[in-house]
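Per-entry structural report
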Amino acid sequence: MEETMKLATMEDTVEYCLFLIPDESRDSDKHEEVLQKYIERIMTQFAPMLVPYIWQNQPFNLKYKPGKGSVPAHMFGVTKFGDNIEDEWFIVYVIKQITKEFPELVARIEDNDGEFLLIEAADFLPKWLDPDNSTNRVFFHHGELCIIPAPRKPGAESWLPTTPPTIPQALNIIAAHPEKILASESIRAAVSRRIRGYPEKIQVSLHRAHCFLPAGIVAVLKQRPRLVSAAVQAFYLRDPIDLRACRVFKTFLPETRIMTSVTFTKCLYAQLVQQRFVPDRRSGYRLPPPSDPQYRAHELGMKLAHGFEILCSKCSPHFSDCKKSLVTASPLWASFLASLKKNDYFKGLIEGSVQYRERLEMAENYFQLSVNRPESSLAMSPGEEILTLLQTIPFDIEDLKKEAANLPPEDDDQWLDLSPDQLDQLLQEAAGKKESESISKEEKEQNYDLTQVSESMKAFISKVSTHKGAELPREPSEAPITFDADSFLNYFDKILGPRPHESDSDDLDEEEFECLDSDDDLDFETHEPGEEASLKGTLDNLKSYMAQMDQELAHTCIGKSFTTRKQVEPVSQTTDNNSDQEDSDTGESVMAPVDVDLNLVSNILESYSSQAGLAGPASNLLQSMGVQLPDNTDHRPTSKPTKN
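Residues numbered from 1 in each chain as written. Predicted model: local features only at pLDDT ≥ 70, side-chain atom pairs only at ≥ 80, totals over all residues. Heavy atoms only, no water.

**Details of unusual backbone geometry**
A cis amide bond links Tyr198 with the next residue in sequence, Pro199, at an omega value of 5°. Of note, Pro199 is situated in the loop between α6 (185-194) and α7 (201-204). Backbone geometry at Asn136 places phi at a positive 60°, although glycine is not the residue there. You can see Asn136 is positioned in the loop between α4 (116-120) and β5 (138-141). Assessed through its relative accessible area of 1%, Asn136 is described here as buried. Even without a glycine there, the phi angle at His142 is positive, about 55°. Position of His142 among the secondary structure elements: in the loop between β5 and β6 (144-147). (Helix = DSSP H or I, 4+ residues; strand = E, 2+ residues; numbered from the N terminus. Buried < 20%, exposed > 50% of the residue type's maximum accessible area, 1.4 Å probe, protein only.)

**Digging into the packing of aromatic side chains**
Following the criterion strictly, the structure yields 15 aromatic pairs and no others. Ring geometry for Phe235 against Phe277: centres 5.2 Å apart, planes inclined by 90°, an arrangement best described as edge-to-face. Here Phe235 is found in helix α9 (residues 227-236), whereas its partner Phe277 is found in the loop between α11 (266-273) and α12 (295-313), with 42 residues between them in sequence. Of the two residues, Phe235 and Phe277, both sit in the buried class. Pairwise contacts between aromatic rings join Tyr53, Trp55, Phe90, Tyr93 and Tyr198 into one cluster. Directly above the ring of Trp415 sits Lys266, whose terminal nitrogen or CZ lies 5.3 Å from the centroid. (Phe/Tyr/Trp six-rings, centres within 6.5 Å; stacked < 30°, edge-to-face > 60°. Lys NZ or Arg CZ within 6 Å of the ring centre and 35° of its normal.)

**Quick look at the nonpolar core**
Note that soluble globular proteins tend to have their nonpolar side chains buried in a common cluster. In this structure, Ile42, Phe60, Phe90, Ile95, Ile98, Ile109 and Leu117 are the most contacted members of the largest nonpolar core, which totals 60 residues. The greatest single-element share of this core, amounting to eight residues, is contributed by helix α3 (residues 85-101). Sequence-distant contacts of Ile98, that is, excluding residues within four places in its chain, are made with Leu18, Ile42, Phe46, Phe60 and Leu105. Ala209, Phe252, Tyr269 and Leu311 belong to the second-largest nonpolar core, a separate cluster that totals 46 residues. (Core = buried A, V, L, I, M, F, W, Y, C linked by side-chain atoms within 4.5 Å. Contact = heavy atoms within 4.5 Å.)

**Section: the side chain of Lys96**
When you line up the elements, Lys96 lands in helix α3. No salt bridge is formed by the buried Lys96, whose closest oppositely charged neighbour, Glu144, lies at an N-O distance of 5.1 Å. In this view, Lys96 contacts Phe140, Gly143, Ser192 and Ile195; residues no more than four positions away in its chain are not counted. (Lys, Arg positive; Asp, Glu negative; His and termini not counted. Salt bridge = Lys/Arg side-chain N within 4 Å of Asp/Glu carboxyl O.)

**With respect to helix α8 (residues 215-223)**
Burial analysis of α8 places seven of its nine residues in the buried class, which makes it a mostly covered element. Those residues of α8 that sit buried are Ala215, Gly216, Ile217, Val218, Ala219, Val220 and Leu221. Buried residues belonging to α8 abut β7 (206-214), α9, β8 (257-265), α12, α15 (382-392) and α16 (397-404).

**Description of the packing of α11 against α12**
Viewed as axis vectors pointing N to C, α11 and α12 meet at an angle of 95°, and their least axial separation amounts to 10 Å. Taken together, α11 and α12 sit at an angle that is classed as roughly perpendicular. The segment α11 lies against α12, with Tyr269, Leu272 and Val273 engaging Arg296, Leu300, Lys303 and Leu304. Across the contact of α11 with α12, the residue classes tally to five nonpolar, no polar and two charged. (Axes fitted to C-alpha atoms, helices over the stretch in contact; angles between N-to-C directions. Parallel < 35°, antiparallel > 145°, perpendicular 65-115°, else oblique. Nonpolar A, V, L, I, M, F, W, Y, C, P; charged D, E, K, R; others polar.)

**Overview of the sheet that holds strand β4 (residues 105-111)**
Across a sheet, paired strands are connected by hydrogen bonds in the backbone, their directions being either parallel or antiparallel. One open sheet holds the six strands; their spatial order is β2-β3-β1-β4-β5-β6, and the pairing between them is antiparallel. Pairing within the sheet leaves two strands with one partner each, and these edge strands are β2 (63-65) and β6. Each strand of the sheet is rotated relative to its neighbour by a mean of 35°, with strand direction disregarded. Note that β4 and β5 share two bridges and pair antiparallel. The residue bridging Ala107 from the neighbouring strand is Phe140, located in β5. (Pairing = 2+ DSSP bridges.)

**Details of α6**
Along α6, the positions that sit buried rather than exposed are Ile187, Ala190 and Val191. Down the axis, α6 shows its buried residues gathered within 90° of arc, on one side only. (Arc of directions from axis to C-beta.)

**As for the pattern of salt bridges**
Counted by the stated rule, this structure contains 15 salt bridges. Two residues, Glu115 and Arg108, come together in a salt bridge whose shortest N-O distance is 3.1 Å. Overall, the relative accessible area of 10% leaves Glu115 in the buried class. A salt bridge links Asp411 to Arg208; its shortest N-O distance comes to 3.8 Å. One end of the pair, Asp411, is in the loop between α16 and α17 (420-431); the other, Arg208, is in strand β7, with 203 residues separating them in the sequence. Given the relative accessible area of 29%, Arg208 is considered partly exposed. Taken together, the shared-partner salt bridges connect Arg296, Glu299, Lys303 and Asp413 into one network.

**Let's talk about the pairing of β6**
Two elements, β5 and β6, share four bridges in a ladder whose sense is antiparallel. Opposite Phe140, over in β6, you have Leu145 as the bridge partner. As consecutive antiparallel partners, β5 and β6 are separated by two residues, and within that stretch His142 has a phi angle of approximately 55°, a positive value.

**Let's talk about the packing of α9 against α12**
When two helices pack together, their arrangement is given by the angle between their axes and by how far apart the axes lie. Contact geometry for α9 and α12: axes closest at 7 Å, N-to-C directions at 90°. As the angle between them shows, α9 and α12 are arranged roughly perpendicular. Where α9 approaches α12, its residues Leu227, Val228, Ala230, Ala231, Val232, Ala234 and Phe235 are matched on the opposing element by Lys303, Leu304, His306, Gly307, Phe308, Ile310 and Leu311. Partitioning the contact of α9 with α12 into residue classes produces eleven nonpolar, two polar and one charged.

**Some details on the pairing of β4**
Counting buried positions over the seven residues of β4 gives seven, a clear majority of the element. Residues Leu105, Ala107, Ile109 and Asp111 of β4 are buried on one face, and the alternating residues Val106, Arg108 and Glu110, pointing to the opposite face, are buried as well. Here strand β1 (residues 13-20) runs beside β4; their pairing, made up of seven bridges, is antiparallel. Each bridged residue has a counterpart across the sheet, and for Cys17 the counterpart in β4 is Arg108.

**Description of a nonpolar patch on the surface**
A surface patch of nonpolar side chains, amounting to about 430 Å² of accessible area, comprises Leu553, Ile558, Phe562, Val594 and Val596. Here Val596 is to be found in helix α25 (residues 596-610). (Patch = residues over 30% accessible without salt bridge, like charges linked within 9 Å, V, L, I, M, F, W, Y side chains within 5 Å. Areas by Shrake-Rupley, 256 points an atom, 1.4 Å probe, with all protein chains shown as cover.)

**Topic: the state of the cysteines**
One pass over the structure, following the stated rule, counts zero disulfides. Residue Cys312 stays outside any disulfide, its sulfur separated by 5.9 Å from that of Cys315, the closest cysteine. Relative accessible area serves as the criterion here: at 6%, Cys312 is assigned to the buried category. (Disulfide = S-S within 2.5 Å.)

**Some remarks on the confidence of the model for the chain**
Across the chain, the average pLDDT comes to 78, with 71% of residues at or above 70. The spread of mean pLDDT over the elements of the chain runs between helix α21 (residues 510-516), the lowest at 43, and β5, the highest at 97. In the model, residues 571-575 has pLDDT below 50 throughout and makes one contact with residues more than four positions away in sequence or in other chains. (pLDDT = per-residue confidence, 0-100.)

So, in structure tokens, the structure goes:
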């Protein structure tokens, strides 16, 4: 580690460092021993909050990191939070509370985006602060966010370095001037708003659902509830090779399934329920019809079972027993367990009781992952841990069936079904827009005019485009871009010479078309009679060629793909079928003009409908032009059915 923390190569990762405030009375030879005791105290004190937490990928953890270069020895942790951003902000809350409980500690925290705390408070940052000079300036101390300022003038404040400080400089500044480095109230409020509600918010982020699972998985989850995240990730990120192991289940047989209650985070539950998946016929997993009241429980159980089977399939049939390191063999375990009892972790439970053993199992698992983390080469994978539990924990299927008869009710998952209006409202609130600016769904549908689509497309086409692309109008009320044609032509007159005549029409007449069709000469006044005759002949040949193309296309179905004005106008009188046939035979039938606006609107609506509510070219283009199409309430079948 150099002057600043170096993030791990993995994505969606947060790193955190805890430093001790410089103290001359502290024995530097025992620095490692002191920091190890702090790690034990921190992990023990926050165990009641951290032990039951279900992490998306990796848990909060701390380990000793020796000093390197100018960076002193410190406590260090790294967590991959994946798709669940709440894990990252929960860690921010934990770090904030640690510095509040231990005033002698100073904390730094960054993720793969850098100083994400400053990004959260971007609207309130001072003008001098930017990514180039923010290194080693942002810390937590005494539970408050601190930003080491830069001197307004070189040498104005002797205690402030003119360049971004080093870690030792920053620690000395924090120790000497704690009141002068406190971040502004608006910056602190922006960060506090993001972590508001913890630790109670942990329970709000959970979702309990009934799942029809093999008995082995039920027994494993009773001992290791956190393994649900590994199973969901294995199913969510499955590939064809993973699914080969699920053609025929070897570990979790479908005939042993029973109903149970599983605790997910909302992120994990959404990842599992939103995946469409049909099991292999050979797997033995069959689902009841969707109308069955327990269809959701069967579907969730089937997906979760696939995740557990995938995890176990990645293990060697005879994985080494040396990886099964005993937690109780660690010299830190005895003191860690004593600290848990001192902090009333067991809530007065009788030692040896079922609830006591469950909490003890959770504490051992927490200690193994967060405090006494083994080297990666010796750590058990989730699949190995599952297989080990299946070999060591006894369970009776009949007892599990009795428990299934008295399951607690599952949570309502209507939070998954946000309507577009609710989603828009959330986005507007996040952007700081007032609710009064939004228009209700009914008002949108009543006042909607499809001509807005064609008019917006015309406005879009008339916009200025450059080599960088087209400019999209962001608001429907935006005034069209004005174009001074005279100034434009005068500019080219200076380059190409004066024009022979002026025309008030935007359409090219025949003479202009002749001139533009010639690539040999751009000077209209230098045409010889022979050249003009040649151009005239070229134009006649082109018109003849296009007429022949029209005749050939008239006998195809291409014309039927367009709506013409003749088709939409009311028919005032019937025509003679014989006359129509004669015109068709001679190939001289009159081509009805295409209704451009109607074709444009109908094609866009068809494209929008085929998106089935997902993002697509039609909705993206219309939204960028400020056009919001109402929901399709016409449920008549179409020629091209779409997936719901």
